[in-house]
Amino acid sequence: MYYKFSGFTQKLAGAWASEAYSPQGLKPVVSTEAPPIIFATPTKLTSNSAYDYAGKNKVPELQKFFQKSDGVPIHLKRGLPDQMLYRTTMALTLGGTIYCLVALYMASQPRNK
């Protein structure tokens, strides 16, 4: 007698030989032809020139600008916007550090009832 696993009852159940040799209802592959190739057609390039939306390449100019040795740190090279960003970051860092220290001090003191 042949047996197969029943997915419905989760137990072994009696089966015919053909069912036992193709488990869970899987049938042998009938078609032996290869499936058609999806990307068989050649692709067409839209243009060989640079991208229209990219505009002028500014990287060489920026590399020269940032590599000048004028004694200014790299994070302050662009002037006032960089200075404002740097000072704001430092102020928030110091403010957060002081706030954390005050919170730790208050948490370490017992409350009076």
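All of these numbers come straight from a predicted model, not from anything done at the bench.

A. Layout of the overall build of the chain. Counting secondary structure elements, the chain contains three helices and two strands. Secondary structure of the chain in N-to-C order comes out as β-β-α-α-α. In the chain, which comprises 113 residues, the share counted as buried stands at 5%. The contacts of the chain with a sequence gap of at least 6 include a subset with a gap of at least 24, amounting to 0%. When the accessible surface of the chain is summed, it comes to about 11500 Å², and 64% of that surface belongs to carbon and sulfur atoms.

B. Highlighting the pattern of salt bridges. For the coordinates displayed, the defined rule picks out two salt bridges. Two residues, Glu61 and Lys56, come together in a salt bridge whose shortest N-O distance is 2.9 Å. The exposure class of Glu61 is partly exposed, given its relative accessible area of 43%. Taking relative accessible area as the criterion, Lys56 reaches 60% and is therefore assigned exposed.

C. Structural view of the confidence of the model for the chain. On average, residues of the chain score 80 in pLDDT, and 73% of them reach the 70 mark or higher. Put simply, helix H1 (residues 17-20) is where the chain has its lowest mean pLDDT, 68, and helix H3 (residues 80-108) is where it has its highest, 96.

D. Inspection of a nonpolar patch on the surface at higher detail. On the surface, a nonpolar cluster with roughly 530 Å² of combined accessible area is contributed by Met1, Tyr3, Phe5 and Leu12. Mapping Tyr3 onto the fold places it in strand S1 (residues 2-6).

E. How the structure looks around the pairing of strand S2 (residues 11-15). Sheet topology note: the S1/S2 ladder contains five bridges and is antiparallel. Residue pairing across strands places Tyr2 opposite Ala15, the latter belonging to S2. With antiparallel pairing between neighbouring strands as the criterion, S1 and S2 make up a hairpin whose turn holds four residues, including Gln10 at a positive phi of roughly 60°.

F. Geometry of the side chain of Lys77. Considering the arrangement of structural elements, one finds Lys77 in the loop between helix H2 (59-67) and H3. For Lys77, a relative accessible area of 11% corresponds to the buried category. A polar contact of 2.8 Å, which involves the side chain of Lys77, links it to the side chain of Asp70. Residue contacts for Lys77: discarding those within four places in its chain leaves Phe65, Phe66, Lys68, Asp70, Val72 and Asp82.

G. Quick peek at the UniProt feature "transmembrane region" (unreviewed entry) in the chain. Under the feature "transmembrane region" (unreviewed entry), the UniProt entry names residues 84-107. Counting secondary structure, residues 84-107 comes out at 100% helix and 0% strand; the distance between its end C-alpha atoms is 34 Å.

H. Highlighting the environment of Asn57. With respect to the helices, strands and loops of the structure, Asn57 is situated in the loop between H1 and H2. Side-chain polar atoms of Asn57 contact the backbone nitrogen of Val59, separated by 3.2 Å.

Criteria and thresholds
- Residues numbered from 1 in each chain as written.
- Predicted model: local features only at pLDDT ≥ 70, side-chain atom pairs only at ≥ 80, totals over all residues.
- Heavy atoms only, no water.
- Helix = DSSP H or I, 4+ residues; strand = E, 2+ residues; numbered from the N terminus.
- Buried < 20%, exposed > 50% of the residue type's maximum accessible area, 1.4 Å probe, protein only.
- Contact = heavy atoms within 4.5 Å.
- Areas by Shrake-Rupley, 256 points an atom, 1.4 Å probe, with all protein chains shown as cover.
- Salt bridge = Lys/Arg side-chain N within 4 Å of Asp/Glu carboxyl O.
- pLDDT = per-residue confidence, 0-100.
- Patch = residues over 30% accessible without salt bridge, like charges linked within 9 Å, V, L, I, M, F, W, Y side chains within 5 Å.
- Pairing = 2+ DSSP bridges.
- Polar contact = N/O pair within 3.5 Å; in protein donor to acceptor, adjacent residues only side chain to side chain.
- UniProt positions renumbered as here; feature names shortened; annotations may be inferred.

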